[in-house]
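# Coordinates in review
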Amino acid sequence: GLVKMSAEPGRFFCTAGRGLEPFLAREVRARLGATEVDCISGKVFFRAAAGPGELKKLRSGERLFLLLKKHSPLPVAGNKGKMLHEIKRLVIEEPKYWLDIISVWRKLHGHEGKTDDVPRENALDLKRKSEEETNTASKRQKTEQARAIVSEECQVEAGEMWAPERMSGQECWIESKTSSEFPSRGSGENPTANEKLSFSFRVSCRCSGAIAKVLTSQEIGRAIGIALVKQCGWRADLRDPDLEVFLHLNDIHSVVGIPLFRLPLANREYIKTAGLRSTVAWAMASLAEISAGALVLDPMCGLGTILLEAAKEWPEACYWGADISDSQLEGADGNIRTAGLMDKIELLKASVKALPLPSESFDSVISDIPFGKKFKITNDAQLLPDILQEMERVLRVGGTLVLLLSPDLRRRMDGLTKCAGSDSAEASADGDSGAAPAQAPSVEGNSSSLVQGVGEPVLSRHFGSLVPEGVYALSLGKTDAFIHKYRKVSAAGN
């Protein structure tokens, strides 16, 4: 039988883009003093005594959940009914259990009305209104809105790269169409308990692996939804529920959680026009070892996401962004104004191949070297050495270079590098304790994110002053990318 476990305050999990799990694991330890940190593909589980304000500060995660249950995978039976029974046993508890959970969740949830688009009062008014509308037109409208929400949510999910497994069918939301489908409890039973519990919910279910061969997410979501209505007298509401119950079943585990915030953590309120995914930008900046008073440059800054994430997190440094495109600089300027960081970030129009900046003037250079359909500039293999040479020139000795590369650019980068024996690698990194952070992920229980080559690659004579300190593979939705970190160990040309 399943071990029943009550949700204890302080147990959470956060979803992460693929490859960002080690960054998130490190961040929850450093920022929240988290313990029992467990990294698996697409999620990081942890325990922390933190309030909503602190939890909201997490920068490398996607969505944050209060963890209710975490069990081994459910035994797969060929019989649907038997499987649904097992799944219901996992989720359904006495109403008292949910009252406790909801009080914990309310405390953590904080007063979201302030930051969200719909204040709580309005949300309740909206619900009352929608209950009053019974004509068929409004029902039709509701289903259309519901459809819109499903597709919108699915897009968000896809962007979030929740898990590398192939999902069978999309995330599924369950909503009651008619009251007969979801019978609510008779008023005679226990009105006071019923009132306390009478609020709206939706079930989000994702299943993959063996279980998905027997049941669809829709079937599971529907079964759980009906059971919760019977058990607690809640009302299903797809559009604006008080509570979302999240269920994820796969070959690794069975997880039940409740999202703490309506919007993903990755949706930054201070970014007006989104460029590079904010979580990736933050992860890159976290590798650059930015300290107070440092000068940091992004020579191909685009809309300035890397600079924004860095300046928000390490405000004691000074930031410079360069780009050749007027429209990108205009967007970056708008973002910097929206974020209120005009005094922290300077922008200049310049080509990365000829930066009007003095040599050895920056402590860190961080850049997303553009790739993809929008930018054709790096298709010319000749450009990469030129770009690297300028970045290396403006970087001071001891400084860090952090780049985001496409698989194609990474291959070109490797073409500029040659694999040296381990002796020279040890010599070049000798006594350099700064190399430790780059290796941390392999200790964090996710060694796959550290791409290991045979021997340490050392940049060839053109870039002999740059020593590699780590490569991190990650996913940007449809494409893969690699974060490369280097340290400049001697003056260029030496």
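For the structure itself, consult the block above.
Within every chain, residues take consecutive numbers counted from 1 along the sequence as written. In view of the model being predicted, local features appear only for residues whose pLDDT reaches at least 70, and side-chain atom pairs are presented and counted only at 80 or more, with totals across whole chains, interfaces and linings using the full set of residues. Water and hydrogen atoms were dropped before computing side-chain values, which therefore reflect all heavy atoms in the structure.

## Side note on the side chain of E62
Which entries qualify depends on this criterion: Secondary structure elements follow DSSP: runs of H or I of four or more residues count as helices, runs of E of two or more count as strands, with numbering from the N terminus. Throughout, exposure labels follow a simple rule: accessible area from a 1.4 Å probe, protein chains only, divided by the maximum for the residue type, with under 20% read as buried, over 50% as exposed, and the rest as partly exposed. Two N or O atoms form a polar contact when they lie within 3.5 Å of each other; inside protein one atom must be a possible hydrogen donor and the other a possible acceptor, and for residues adjacent in sequence the pair counts only when both atoms belong to side chains.
Along the chain, the position of E62 falls in the loop between helix 2 (52-55) and strand 4 (64-71). On the basis of relative accessible area, E62 is assigned to the buried category, the value being 0%. Within polar-contact distance, the side chain of E62 engages the side chain of R277 at 2.7 Å.

## As for the environment of A210
So the rule is basically this: We call two residues in contact whenever any of their non-hydrogen atoms come within 4.5 Å of each other.
Mapped onto the secondary structure, A210 falls in the loop between strand 6 (200-207) and helix 8 (217-232). As for A210 and D251, which are separated by 41 residues in sequence, their C-alpha atoms are 6.5 Å apart. Apart from the residues within four sequence positions on either side, A210 is in contact with V76 and D251.

## Describing the packing of aromatic side chains
To keep things clear, this is the line we draw: Any two of the Phe, Tyr and Trp rings considered here, Trp counted by its six-membered ring, make a pair once their centres fall within 6.5 Å; the pair's planes then place it as stacked at under 30 degrees, edge-to-face at over 60, or tilted in between. Here, over-ring charges are defined by two tests on the NZ atom of lysine or the CZ atom of arginine: distance to the ring centre within 6 Å, and angle to the ring normal within 35 degrees.
For the structure shown, the criterion picks out 10 aromatic pairs. Here the aromatic residues F13, F45, F65 and F246 are joined through ring pairs into a cluster of three or more. Positioned above the aromatic ring of Y270 is the side chain of K312, whose terminal nitrogen or guanidinium carbon lies 4.8 Å from the ring centre. One cation-aromatic arrangement involves R410 over F482; the distance from NZ or CZ to the ring centre is 4.5 Å.

## As for the nonpolar core
Considering soluble globular proteins, one finds that nonpolar side chains tend to be buried as a cluster. In plain terms, the rule: Buried Ala, Val, Leu, Ile, Met, Phe, Trp, Tyr and Cys residues form a nonpolar core when they are joined through side-chain atoms within 4.5 Å.
Among the nonpolar cores identified, the biggest contains 59 residues, and F46, L64, W98, W234 and L247 are the most heavily contacted of them. If one sorts the elements of this core by residue count, helix 4 (residues 95-109) sits on top with 7 residues. Counting 35 residues, the second largest nonpolar core, distinct from the first, contains M284, A317, Y472 and I483.

## Re helix 13 (residues 407-415)
We apply this condition: In this context, the arc is that of the directions from the helix axis out to the C-beta atoms.
Three or more residues of helix 13 are buried, namely L409, R410 and M413. Mapping the buried residues of helix 13 onto a view down its axis gives an arc of 105 degrees, with all of them on the same face. Opposite the buried face of helix 13, by more than 90 degrees, sit the exposed residues R411 and G415.

## Brief notes about the sheet that holds strand 18 (residues 479-488)
Note the threshold: By this definition, two strands are paired if DSSP reports at least two bridges between them. The axes used here are C-alpha line fits, helices contributing only the stretch in contact, and every angle between their N-to-C directions lies in the interval 0 to 180 degrees.
If you walk across this open sheet you meet the 7 strands as 12-11-10-13-14-18-17, and the pairing is mixed. Across the chains shown, the open sheet's two edge strands, defined by having one partner strand only, are strand 12 (345-349) and strand 17 (466-476). For this sheet the average axis-to-axis angle between neighbouring strands, irrespective of direction, equals 15 degrees. Note: strand 10 (residues 295-298) against strand 11 (residues 318-323), 4 bridges, orientation parallel. Considered in strand 11, the bridge of D298 is made with G321. Along the sheet, helix 9 (residues 278-287) makes contact with strand 13 (362-368), strand 14 (395-405), strand 17 and strand 18, crossing strand 14 at roughly 155 degrees. Along the sheet face, helix 13 touches strand 14, strand 17 and strand 18 and points at about 35 degrees away from the line of strand 18.

Functional significance is not addressed by these values, which are geometric in nature.
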